[in-house]
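Reading the structure
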Amino acid sequence: MRVNKAEKLRRQVHELAESMGNLFVETFHYMALFAIGAVTAWAAVMEFLQMVEKGNISIDDILLLFIYLELGAMVGIYFKTNHMPVRFLIYVAITALTRLLISNVSHHNPPDMGVVYLTGAILLLALAILVVRYASSQFPSVKIENPRRKTGAGSSEHPEVEKGEL
């Protein structure tokens, strides 16, 4: 009888520790998301104000605003779904490389092999988006409502989830 009470107490302590850990992790997660979103918005506003103060806007400036827009969208999607949209990271990289390419060609030196390297990198990133989109359509991730860890050898709560997946 004492063994059952001890086991019950152990389970309660484990559940409390798991709940507290989840609370701390989720609190940090949301605080970090709000901070990243706020910093992104602040940087975009400051950059826009500098553009207005300068009196003219170049294509570099517009592409920079698109980078901020994509970062903000990425934070919003991550906030809503808890999934990092890898495609958005690639979009940011493509936009940054395009901005660099336009800046180099229009403001600096005459075209050289650097232009070829940049366009090749943009092409590779575009192909990466194609691969990611194809893979996500052919092999979608399985969503489990209210996932919980397996509690024992014969647990059938979520038989499709192996140990360590959640």
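Remember, it's a predicted structure, so these values are computed and weren't measured experimentally. Counting restarts for each chain, with residues numbered from 1 along the sequence as it is written. For this predicted model, a pLDDT threshold of at least 70 governs which residues receive local features, and a threshold of 80 or more governs which side-chain atom pairs are given and counted, while totals over whole chains, interfaces and linings are taken from all residues. The side-chain values count all of the structure's non-hydrogen atoms but skip hydrogen atoms and water molecules.

1. Observations concerning the overall build of the protein
The numbering of helices and of strands both runs from the N terminus, where a helix is a DSSP run of H or I of at least 4 residues and a strand a run of E of at least 2. Regarding its fold elements, the protein presents four helices and zero strands. The N-to-C order of helical and strand elements in the protein reads α-α-α-α. Accessibility here uses a 1.4 Å probe with only protein chains present; expressed as a share of the type maximum, an area under 20% marks a residue as buried, one over 50% as exposed, and anything in between as partly exposed. When burial is assessed residue by residue, the protein has 18% of its 166 residues classed as buried. Within the protein, counting contacts between residues at least 6 apart in sequence, those at least 24 apart form 53% of the total. All accessible areas in this document rest on Shrake-Rupley with a 1.4 Å probe, and a residue is counted as covered only by the protein chains that are shown. Accessible surface computed for the protein: about 12900 Å², of which carbon and sulfur atoms make up 66%. In what follows, residue pairs with any heavy atoms lying within 4.5 Å of each other are defined as contacts.

2. Brief notes about the packing of aromatic side chains
Working definition: an aromatic ring pair is given by the centre-to-centre distance plus the angle between the planes. Here is the rule: rings of Phe, Tyr and Trp (six-membered ring for Trp) pair when centre to centre is within 6.5 Å. Planes less than 30 degrees apart are stacked, more than 60 are edge-to-face, and the remainder are tilted. Evaluation of the coordinates by the stated rule reveals three aromatic pairs. Taking 5.5 Å as the distance between ring centres and 70° as the angle between the ring planes, the aromatic pair formed by Tyr30 and Phe79 counts as edge-to-face. With a gap of 49 residues between them, Tyr30 in helix α1 (residues 2-54) and Phe79 in helix α2 (residues 59-81) connect regions that are remote in the sequence. Relative to Phe79, the ring of Phe34 has its centre 5.5 Å away and its plane inclined at 55°; by these criteria the two rings are tilted. In this pair, Phe34 is assigned in helix α1 and Phe79 in helix α2, connecting sequence segments 45 residues apart. Overall, Phe34 belongs to the exposed group, its relative accessible area being 54%. A network of ring pairs unites the aromatic residues Tyr30, Phe34 and Phe79 as a single cluster.

3. A look at the UniProt feature "transmembrane region" (unreviewed entry) in the protein
UniProt positions are given in the numbering used here, feature names are shortened, and annotations may be inferred rather than shown by experiment. Here, the residues flagged by UniProt with the feature "transmembrane region" (unreviewed entry) are residues 28-49, 61-79, 85-102 and 114-135. Between the C-alpha atoms that bound residues 61-79 there is a distance of 27 Å. The span itself is 100% helix and 0% strand. Spanning residues 114-135, this segment combines 100% helix with 0% strand, and its end C-alpha atoms are found 31 Å apart.

4. Digging into α2
Working note: α-helix, 3.6 residues per turn, so residues spaced by three or four point in the same direction. Here, expected helix span is obtained from the residue count minus one, scaled by 1.5 Å. Over its 23 residues, α2 extends 33 Å from the first C-alpha to the last, a length consistent with the 33 Å expected when each residue adds 1.5 Å. Those residues of α2 not exposed but buried are Asp60, Asp61, Leu63, Leu64, Ile67, Tyr68, Glu70, Met74 and Val75. At the C-terminal side of α2, Asn82 shows a positive phi close to 60°.

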